[in-house]
Amino acid sequence: MKKIVVIDGQGGKLGRLVIEQLKAASFSSTCEIIAIGTNSIATATMLKAGADNGATGENPVIVNCRDADIIVGPIGIIATDALYGEVTAAMAVAVGSSSAHKVLMPVSRCRISIVGALPVPTAELVDMAVKQVLKRLGE
């Protein structure tokens, strides 16, 4: 069974959208989707979307990134103090050093600009991210 870790902060909207689409996909029965919120509101939002399990905070990020197959979230999860300070240095290191395939979405709240990346509506970003995850699962 593949382990997909979805990490989000703030209100968890991005993570919620990702989880809803992943759960609707045909691969959802062969995957465990873990929602990790940088705060309890984000975690609750992602659990309501159908995540199989969820936890909040720094240590769950560290522990779950160790054996994740795929990590999905805003690009800020690899940058200390991103998401308005919700991402700690230990979280960023855990995500960045994980051997998991990372599907990261450039969103403005992370305060990171990616040269060459065009501004895309959130729904479109999520669609592209989910397609990348499903492609990885099909390999």
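From a predicted model like this one, the values you see are computed outputs, not experimental measurements.

### A short note on the side chain of T45
Okay, so step 1: Position of T45 among the secondary structure elements: in helix α2 (residues 40–48).
Okay, so step 2: Those residues within four positions of T45 in sequence are excluded, and the remaining contacts are G11, G12 and R16.

### A word on the nonpolar core
Okay, so step 1: I4, V6, V18, I19, V72, M105 and V133 are the most contacted members of the largest nonpolar core, which totals 24 residues.
Okay, so step 2: Secondary-structure elements contributing two or more residues to this core are β1 (2–8), α1 (13–24), β2 (31–37), β4 (70–74), β5 (101–105) and α6 (122–138).
Okay, so step 3: Per-element tally for this core: the top contributor is α6, with six residues.
Okay, so step 4: Discounting chain neighbours no more than four positions away, the residues touching I19 are V6, I33, A35, M46, A49, G50 and A51.
Okay, so step 5: If you look at the next biggest cluster of nonpolar residues, it comprises 18 residues, including A79, V87, A92 and A94.

### Remarks on the packing of α1 against α6
Packed helix pairs are characterised by how far apart their axes lie and by the angle those axes make with each other.
Okay, so step 1: In the contact formed by α1 and α6, the axes pass within 9 Å of each other and the chain directions differ by 45°. One finds that α1 runs oblique with respect to α6. Remark: the crossing between α1 and α6 carries right-handed chirality. When α1 is examined against α6, the residues L14, L17, V18, Q21 and L22 are found in contact with a partner set consisting of T122, V126, D127, V130, V133 and L134.

Criteria and thresholds
Residues numbered from 1 in each chain as written. Predicted model: local features only at pLDDT ≥ 70, side-chain atom pairs only at ≥ 80, totals over all residues. Heavy atoms only, no water. Helix = DSSP H or I, 4+ residues; strand = E, 2+ residues; numbered from the N terminus. Contact = heavy atoms within 4.5 Å. Core = buried A, V, L, I, M, F, W, Y, C linked by side-chain atoms within 4.5 Å. Buried < 20%, exposed > 50% of the residue type's maximum accessible area, 1.4 Å probe, protein only. Axes fitted to C-alpha atoms, helices over the stretch in contact; angles between N-to-C directions. Parallel < 35°, antiparallel > 145°, perpendicular 65-115°, else oblique. Left-handed = near helix turned anticlockwise from the far one by under 90°.

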